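Notes for the structure review
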Amino acid sequence: MIGVGKMKQYTNVLDKPLTKGKQEVSLSAFAFLFSELVQYNQTQVDNIGELERRLEDAGYAVGARVLELLCHRDKGNRRETRLLGILSFVHSTVWKVLFGKVADSLEKGTEHEDEYMISEKELLVNRFISIPKDMGTFNCGAFVAGIVRGVLDGAGFPAVVTAHFVPVDGQQRPRTTILIKFAEEVLHREARLG
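- Identification of the protein as Trafficking protein particle complex subunit from Stylosanthes scabra is taken from an unreviewed UniProt entry.
- For the record of the protein, the UniProt heading Subunit (unreviewed entry) holds the text "Part of the multisubunit TRAPP (transport protein particle) complex."
- Quoted verbatim from the Sequence similarities (unreviewed entry) field of the UniProt record, the comment on the protein reads "Belongs to the TRAPP small subunits family. BET3 subfamily."

Structure, rendered in structure tokens:
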């Protein structure tokens, strides 16, 4: 027999090791499912703000699960305890797992000390979405803002996270900026840790 003794047989699916496996999802499948999520939520709401809130809530659930998965796989169940550490984790590790690349930029706000921004030139959730004129400034990036909020809340860094379009000179499509405004308790804890 070929391969006898080379592969351990598992009697229970729960006994199988957690392997990384193939981490890619078909882009067309994702675009279709995300489009359906947006369309379904659009039928359930009366205004754009409520639609963005629902997308953010859906993203929050994803973010909480992504944090658990990545902490278990990559960090041996350890989590970041410092502000810059968690921001770097979101900017690089989380972004790479979700979108296949590191985010374009991570910046600290100049006007407020509690604000940070993650910018992406062409956010995946906005790539295949065409927004009708009557929906104005609707931004599907609210879903990604929800993911970021879910990761931050799960790690103990409560924050208000929103998605905004920022126009770029010479480009037809604006870039998307995820604005993170941390709660005061996070800044006080960071100051105590020095």
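There's plenty left to go through after this.
1. Observations regarding the overall build of the protein
- When you go through the protein residue by residue, the secondary structure sums to 6 helices and 4 strands.
- Starting at the N terminus and walking to the C terminus, you meet the elements of the protein as α-α-α-β-β-α-α-β-β-α.
- Taking as baseline every contact in the protein between residues at least 6 positions apart, the subset at least 24 positions apart corresponds to 59%.

2. Description of the packing of aromatic side chains
- For the structure shown, the criterion picks out 4 aromatic pairs.
- Ring centres of phenylalanine 30 and phenylalanine 34 lie 5.9 Å apart, and the angle between their planes is 15°; on these two criteria the pair is classed as stacked. Note that phenylalanine 30 and phenylalanine 34 are positioned in helix H1 (residues 27-44) at a spacing of 4 residues, about one turn of the helix.
- Residue phenylalanine 30 is classed as partly exposed on the basis of its relative accessible area, which comes to 26%.

3. Describing the pattern of salt bridges
- Throughout the structure, instances matching the rule amount to 9 salt bridges.
- Where aspartate 153 meets arginine 149, a salt bridge forms, and the shortest distance between an N and an O atom there is 3.8 Å. Of this pair, aspartate 153 and arginine 149 both sit in helix H5 (residues 142-154), separated by 4 residues, roughly a single helical turn.
- Classification of aspartate 153 by relative accessible area gives partly exposed; the value is 25%.
- Overlapping salt bridges, with partners in common, bring together Arg53, Glu56, Asp57, Arg149 and Asp153 in one network.

Conventions adopted
Residues numbered from 1 in each chain as written. Predicted model: local features only at pLDDT ≥ 70, side-chain atom pairs only at ≥ 80, totals over all residues. Heavy atoms only, no water. UniProt positions renumbered as here; feature names shortened; annotations may be inferred. Helix = DSSP H or I, 4+ residues; strand = E, 2+ residues; numbered from the N terminus. Contact = heavy atoms within 4.5 Å. Phe/Tyr/Trp six-rings, centres within 6.5 Å; stacked < 30°, edge-to-face > 60°. Buried < 20%, exposed > 50% of the residue type's maximum accessible area, 1.4 Å probe, protein only. Salt bridge = Lys/Arg side-chain N within 4 Å of Asp/Glu carboxyl O.

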